[in-house]
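Breakdown of the fold
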Amino acid sequence: MNALTYSAAFIAFFSVVGPPKVLLAFAGLAQVHEVRQLRLIALISSGAAVLVGLVTGITAPWLLDLFHISPPALQLAGGVIFFIYAVGLVLGLHLGSDGTHQDSPDLVSGVRELLMPYVVSPLAMTAVLIEAAARDSFTWRSTVVGAYVSVIALDLVCVLLLTRILRRTHHATIELLGRLLGLLLAAVGVDLILDGLYDLGVPGLEGRH
């Protein structure tokens, strides 16, 4: 991704943590949570996502320096984690879930289900760190954070408006869409890994850019 403008950052974040991906995660929760509880989960998880993005984006240069992390290493790590998560979707394995919410759906279990795909999405956090650290400017980091928060706000609005529709979506449809999305996200994870390898100067990847 190129650090250019607010609109470019918004489009980048929309592609990695926008409504098309987030709504599917909420659709799974909608099968076992009441409308009021699902909306509360959406509010809390979105607030947590904003907080994580805000802290990560503003402190990006210092975080990378503190842990001696290079952008290529961050891309590799984010790509590997995202690939593993995506494979779990393809195979129908809900990684990070303790499986208890099906029997006793509550607020905590609902928010916990959204940690990996939404609150601390590996690809979204990788994008925030890389974009925010691309320029040594607080103004630019604020722009990146603003774009990220705008996408999270859009996600929240979509979930709140479509809650009842999500509850009526058949479980088989959600599983089918989840596995298809997992296949696409696995490819995104591989692409991110290849970008990291390219930035490290691994031969044979010159045609990627």
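Below is a short write-up of the structure.

Our focus in this paragraph is the nonpolar core. As a rule of thumb, nonpolar side chains are buried together in soluble globular proteins. Judged by nonpolar contacts, the single largest core of 48 residues is most densely connected at F13, V17, F26, Y118 and Y148. Here this core takes ten residues from helix α9 (residues 138-168), the largest share from any one element. Every residue in contact with Y118, bar those within four places of it in the chain, is listed here: V17, V22, F26, S45, S46, A49, Y148, I152, D155 and L156.

Okay, the environment of V52 next. Assignment of secondary structure puts V52 in helix α3 (residues 35-58). Placed 68 residues apart in sequence, V52 and V120 show a C-alpha to C-alpha distance of 7.2 Å. Ignoring any residue separated from it by four or fewer positions in sequence, one finds V52 in contact with V119, V120 and M125.

This part is about a nonpolar patch on the surface. Among the surface-exposed residues, V80, F83, I84 and V190 lie close enough to one another that they form a single nonpolar patch of about 310 Å² accessible area. Looking at the nonpolar patch, the element that brings in the most residues is helix α5 (residues 71-91), giving three residues. For F83, the position within the fold is in helix α5.

To continue, consider the packing of helix α1 (residues 6-17) against helix α2 (residues 19-30). One way to put it is that α1 packs onto α2 with a least axis distance of 5 Å and a crossing angle of 30°. The orientation of α1 with respect to α2, classified from their angle, is roughly parallel. Here F14, S15, V16 and V17 of α1 come into contact with α2, specifically with P19, P20, K21 and V22. Classifying every residue of the contact of α1 with α2 gives six nonpolar, one polar and one charged.

Inspection of every chain in the model, using the stated rule, returns four aromatic pairs. Here F13 and Y148 contribute two aromatic rings whose centre-to-centre distance is 5.5 Å and whose plane-to-plane angle is 80°, an arrangement assigned as edge-to-face. Here the residue F13 occupies a position in helix α1, and Y148 occupies one in helix α9, the gap between them amounting to 135 residues. Like Y148, F13 is buried. Judged by centre distance (5.8 Å) and plane angle (75°), the ring pair of F26 and Y118 falls under edge-to-face. In this pair, F26 is assigned in helix α2 and Y118 in helix α7 (residues 115-119), connecting sequence segments 92 residues apart. The pair formed by F26 and Y118 is uniform in burial state, with each residue classed as buried. Ring pairing ties together the aromatic residues Y6, F10 and F14, which thus form one cluster. Over the ring of W140 we find R135; its NZ or CZ atom is 4.6 Å from the centre of that ring.

Calculation notes
Residues numbered from 1 in each chain as written. Predicted model: local features only at pLDDT ≥ 70, side-chain atom pairs only at ≥ 80, totals over all residues. Heavy atoms only, no water. Core = buried A, V, L, I, M, F, W, Y, C linked by side-chain atoms within 4.5 Å. Buried < 20%, exposed > 50% of the residue type's maximum accessible area, 1.4 Å probe, protein only. Helix = DSSP H or I, 4+ residues; strand = E, 2+ residues; numbered from the N terminus. Contact = heavy atoms within 4.5 Å. Patch = residues over 30% accessible without salt bridge, like charges linked within 9 Å, V, L, I, M, F, W, Y side chains within 5 Å. Areas by Shrake-Rupley, 256 points an atom, 1.4 Å probe, with all protein chains shown as cover. Salt bridge = Lys/Arg side-chain N within 4 Å of Asp/Glu carboxyl O. Axes fitted to C-alpha atoms, helices over the stretch in contact; angles between N-to-C directions. Parallel < 35°, antiparallel > 145°, perpendicular 65-115°, else oblique. Nonpolar A, V, L, I, M, F, W, Y, C, P; charged D, E, K, R; others polar. Phe/Tyr/Trp six-rings, centres within 6.5 Å; stacked < 30°, edge-to-face > 60°. Lys NZ or Arg CZ within 6 Å of the ring centre and 35° of its normal.

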